Each structure stands twice: as C-alpha cells, then as structure tokens.
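Take a look at the letters that make up each chain.
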Amino acid sequence: MKYVLLGNLSPEWASKQSDRVGKAKAKLDKLGIKVESIHYTQGYYDFVDIVDAPNEAAMLAFSVWYATQGLGRIQSMPAFDAKTFETAIKDAAS
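Residues numbered from 1 in each chain as written. Predicted model: local features only at pLDDT ≥ 70, side-chain atom pairs only at ≥ 80, totals over all residues. Heavy atoms only, no water.

Caption draft 1: Highlighting the pattern of salt bridges. Under the defined criterion, the tally for this structure stands at 3 salt bridges. For Lys2, the salt bridge identified is with Asp52, shortest N-O distance 3.9 Å. Here Asp52 lies in strand β3 (residues 47-52) and Lys2 lies in strand β1 (residues 2-9), a separation of 50 residues in the sequence. Linking Asp29 and Lys25 is a salt bridge whose minimum nitrogen-to-oxygen distance equals 2.9 Å. (Salt bridge = Lys/Arg side-chain N within 4 Å of Asp/Glu carboxyl O. Helix = DSSP H or I, 4+ residues; strand = E, 2+ residues; numbered from the N terminus.)

Caption draft 2: The arrangement of the side chain of Lys27 in detail. Residue placement: Lys27 occurs in helix α2 (residues 17-31). Dropping the residues within four chain positions of it, Lys27 is found in contact with Phe62 and Trp65. (Contact = heavy atoms within 4.5 Å.)

Caption draft 3: Spotlight on α2. Given a rise of 1.5 Å per residue, 15 residues ought to cover 21 Å, and the 21 Å separating the end C-alpha atoms of α2 matches this to within 8%. Taken together, the buried positions of α2 are occupied by Arg20, Ala24, Lys27 and Leu28. Angularly, the buried residues of α2 cover 100° about the axis, an arc narrow enough to put them on a single face. Opposite the packed face of α2, turned more than 90 degrees from it, sit the exposed residues Ser18 and Lys30. Structurally, α2 contributes buried residues whose contacts are with β1, α1 (11-14), β2 (34-40), β3 and α3 (56-68). Two residues or fewer after α2 comes Gly32, characterised by a positive phi angle close to 75°. (Expected span 1.5 Å × (residues − 1). Buried < 20%, exposed > 50% of the residue type's maximum accessible area, 1.4 Å probe, protein only. Arc of directions from axis to C-beta.)

This is the structure we're talking about:
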C-alpha cells in the first residue's frame, strides 16, 4: 500500500539532516517500508514523502516511532492509484 507522508521537523533535528534521515531510513527498512520519493517543501509541511508499506500496522508503527524519537510529526495518508479509484466509483454507483 502506498502512503503520502506529510511531515514536520522538530527544531532540534532540523539542522541534523543526515542523522535524522539515517535513523528514519534504518527504521523504515526494519519495518519493510520502501521510500519512493522525498520532497522538501515550504509552507505548513517541511517534507512530503511517498512510501510503499507492507501493511497499515507498519505505517502506524513508523509514525509513532518518528514522534517518540523527537524527530517531528508525520501525518500519513493512504494513496490509491487511478484504477483503484475508478473501481471504487463503480462500486459506489451499484
């Protein structure tokens, strides 16, 4: 399942980019979550990532871990491809 991660960096970790990324990458690998892309943004969120997680529990575990490490906060949202969305539209209409 793909997820969009909207994240904010904590002030303590914002200037320790390589350390933060290294810690996060190790945890993602352990949970079987693959990072597809990372984008740094201006505005309400500091970054937007696209990941592929083996299940909802892995994604939840990462979000909780990220916050408990003091790295910042993540909002995760499931992301559906166009075919899945089209199927949902058909199912909703029937």
